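Understanding the architecture of this molecule
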Amino acid sequence: RVRGAHVNAAETSMHLLAHIRPSRLHTQLFTKSLEASSSATFSSFGASKRSGPMLNRKLGCQGFGASVAAMTSFPPQRYHYFLVLDFEATCDKPQIHPQEIIEFPILKLNGRTMEIESTFHTYVQPVVHPQLTPFCTELTGIIQDMVDGQPTLSQVLERVDEWMAKEGLLDPSVKSIFVTCGDWDLKLMLPGQCEYLGLQVADYFKQWINLKKAYSFAIGTWPKNGLLDMNKGMSLQHIGRPHSGIDDCRNIANIMKTLAHRGFIFKQTSRRI
């Protein structure tokens, strides 16, 4: 505790430092060293889970700024930004072919704070099967009026590229990577529809993090039911409705933030040549 208003700054600093255990002081002073060892293993995941929150609480009680506490709450990630993506597409029982993307959301997640900085979101007009099926509407919550008059996939991809440029994500010095819940979105859905329509797939869509794999590396179990299992496994409240693209993105971001605060370092899991 600070003894009073008349204590000078130097005495206050010494007093604060005296109340931080050496191991925690080491963590504070050498946060940058964590970047050099960013290939943290599962064991470091557990260690960070134990020490990080305690350090945060200690610093908070000692009067340090929130930004300092945030920087020491989890080790730095390998990427400046994570681009969380989750498509919704036309569907029916039995399945229709080709499937077409009808919702295209992206959340730009800051790799240092794990907070959402920007959102790209649009519905997409399907052109091969322009009429949504009742099954599709029931599953996704997307009704016909939400896709009628919306841009086609070709137009949306142009807008995504413009958004990426505006957000500084095309700068070669900025490291970013897409994150999906599974490999379907970027391994099958987008390239499959682009091939059918004769469209090019941008290089930034060709490598990504599969959150299911990342979660299994961190927790040790495979989330068979995707987001529902991951939220349950981490005692998180599910956000919004399942199979809403933008809501699924928010759940992915929340799971990532929780894993990062426990010390997990995300790395690429999947790619398409």
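Overview of the structure. Per chain, the residues get numbers from 1 upward, laid out in the order the sequence is written. Local features in a predicted model are, by the rule used here, given only for residues with pLDDT of at least 70; side-chain atom pairs are given and counted only at 80 or more, and totals for whole chains, interfaces and linings are based on all residues. Calculated side-chain values reflect all of the structure's heavy atoms, with hydrogen atoms and water omitted.

Let us now look at helix α9 (residues 184-197). An α-helical turn contains 3.6 residues, so a residue and the one three or four places further along point in the same direction. Counted at 1.5 Å a residue, the expected span for α9 with its 14 residues is 20 Å, and the 18 Å between its end C-alpha atoms agrees. Each residue is placed in one exposure class: buried if its accessible area under a 1.4 Å probe, protein chains only, is under 20% of its type's maximum, exposed if it is over 50%, and partly exposed if it falls in between. Helix and strand definitions follow DSSP, with helices as H or I runs of at least four residues and strands as E runs of at least two, each counted in order from the N terminus. Inspection of α9 places D185, L186, M189, L190, P191, Q193 and C194 among the buried residues, and these make up the whole buried set. Contacts made by the buried residues of α9 are with β1 (81-85), β2 (88-89), β3 (101-110), α8 (153-166), β5 (176-180) and β6 (207-210). Backbone geometry just downstream of α9 places G198 in the positive-phi region, at approximately 75°. To estimate how far a helix should extend, the number of its residues minus one is multiplied by 1.5 Å. In what follows, a contact means two residues having at least one pair of non-hydrogen atoms within 4.5 Å.

Let us now look at the packing of aromatic side chains. Aromatic rings in a pair are described by how distant their centres are and how their planes are angled relative to each other. Any two rings among Phe, Tyr and Trp, with Trp reduced to its six-membered ring, count as a pair given centres within 6.5 Å; such a pair is stacked if its planes are under 30 degrees apart, edge-to-face if over 60, and tilted if neither. This model, assessed by the stated rule, comprises 10 aromatic pairs. Ring geometry for F104 versus F120: centroids 6.2 Å apart, planes at 85°, classification edge-to-face. You can see F104 sitting in strand β3 and its partner F120 sitting in strand β4 (residues 116-123), a full 16 residues away along the chain. Summarising the burial analysis for this pair, F104 and F120 share the class buried. Each member of the aromatic cluster is reached from another via a ring pair, and the members are F87, F104, F120, W163, F178, Y204 and F205. Note that K108 overlies the ring of Y81, its terminal NZ or CZ placed 4.3 Å from the centroid. Should the NZ of a Lys or the CZ of an Arg lie within 6 Å of a ring centre and within 35 degrees of the ring normal, that charge is described as sitting over the ring. Its guanidinium or amino end placed over the ring of Y79, K175 lies 5.3 Å from that ring's centre, counting from NZ or CZ.

What follows covers the nonpolar core. Counting residues in hydrophobic clusters, the biggest one holds 28 residues, and the most contacted among them are F82, L211, M256 and F266. If you list the elements that add at least two residues to this core, you get β1, β3, β5, α10 (211-219), α11 (227-233) and α12 (245-261). With eight residues, α12 is the largest single contributor of residues to this core. Every residue in contact with F82, bar those within four places of it in the chain, is listed here: Q77, L107, K108, L109, G111, M114, I177, V179, I209, M256 and F266. If you look at the next biggest cluster of nonpolar residues, it comprises 26 residues, including L157, V201, F205 and W208. By nonpolar core is meant a set of buried Ala, Val, Leu, Ile, Met, Phe, Trp, Tyr and Cys residues that side-chain atoms within 4.5 Å join together.

What follows concerns the pattern of salt bridges. Here, a salt bridge means any Lys or Arg side-chain nitrogen found within 4 Å of an Asp or Glu carboxyl oxygen. Counted under the stated rule, the structure contains seven salt bridges. As a salt-bridge pair, K257 and E115 come within 2.4 Å of each other at their nearest N and O atoms. Here E115 lies in the loop between β3 and β4 and K257 lies in helix α12, a separation of 142 residues in the sequence. Classification of K257 by relative accessible area gives partly exposed; the value is 25%. The class of E115 is partly exposed, set by a relative accessible area of 39%.

Another point: α12. The terminal C-alpha atoms of α12 lie 24 Å apart, and with 17 residues this matches the ideal 24 Å at 1.5 Å per residue to within 8%. For α12, the buried fraction is high: 13 of the 17 residues fall into the buried class. Phi for G263, located one or two positions after α12, is positive at around 105°.

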